[in-house]
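Structural characterization, general
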Amino acid sequence: MSVSQQVDGLIEMVERGEFLEAFPRFYATDAEMQENDNPPRVGIDALIANEQMMLAAFPKVTARALSRFVDGDQAVIRWTFEFVAPNGATIRLDELTLQTWRDDRIVHEKFYYDPVQMRPVVG
């Protein structure tokens, strides 16, 4: 399957809210994920644990891919996410992710976003 097809499959799963289910299908066991210039999380178990922690903190998470670009084994996706906390506070995040694919799996993914967006908006 081409990287372009894999990216489309990942987008479909994430937009359906199948965040945890996407990891074994699209990420290598030794994958690295990094947010801005923070140290990367390494290994699929660490990626899943972080995702579980985020989903526990925000019981409602929605995602939409606004655009995607693929060139060889590199992909860029522009995402918008909305995270709703139990108290109703909402975080809206517009970000880019740069992915490197190998053998139909993501081996490295880096998210780029303005951290100011992490401030919750109530209402």
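Residues numbered from 1 in each chain as written. Predicted model: local features only at pLDDT ≥ 70, side-chain atom pairs only at ≥ 80, totals over all residues. Heavy atoms only, no water.

Once that is clear, we can look at the overall build of the chain. For the chain, the helix and strand inventory stands at three helices and seven strands. Each helix and strand of the chain, ordered N terminal to C terminal, gives the series α-α-β-β-α-β-β-β-β-β. Sequence-distant contacts in the chain: of pairs separated by 6 or more residues, those separated by 24 or more amount to 49%. Just so you have it, the chain exposes about 6,900 Å², and 54% of that area is on carbon and sulfur atoms. Averaging the positions of the 12 positive and the 20 negative side-chain charges in the chain gives two centres separated by 5 Å. (Helix = DSSP H or I, 4+ residues; strand = E, 2+ residues; numbered from the N terminus. Contact = heavy atoms within 4.5 Å. Areas by Shrake-Rupley, 256 points an atom, 1.4 Å probe, with all protein chains shown as cover. Lys, Arg positive; Asp, Glu negative; His and termini not counted. Charge placed at Lys NZ, Arg CZ, Asp CG, Glu CD.)

A few words on the nonpolar core. Counting 35 residues, the largest nonpolar core has Leu10, Tyr27, Trp79, Phe81, Phe83 and Trp101 as its most contacted members. Listing elements by their share of this core, those giving two or more residues are helix H1 (3–15), helix H2 (19–26), strand E1 (27–35), helix H3 (44–57), strand E3 (60–71), strand E4 (74–84), strand E5 (89–102) and strand E6 (105–112). (Core = buried A, V, L, I, M, F, W, Y, C linked by side-chain atoms within 4.5 Å. Buried < 20%, exposed > 50% of the residue type's maximum accessible area, 1.4 Å probe, protein only.)

We now examine the environment of Tyr113. Here Tyr113 shows up in the loop between E6 and strand E7 (121–122). Tyr113 gets classed as buried once you look at its relative accessible area, which sits at 13%. Those residues in contact with Tyr113 that sit more than four places away from it in its chain are Glu35, Asn36, Leu93, Asp94, Glu95 and Met118. Polar contacts involving the side chain of Tyr113 include one to the side chain of Glu35, which spans 2.6 Å. (Polar contact = N/O pair within 3.5 Å; in protein donor to acceptor, adjacent residues only side chain to side chain.)

Looking now at the environment of Leu66. Note that Leu66 resides in strand E3. Residues in contact with Leu66, not counting those within four places in the same chain, are Arg78 and Thr80.

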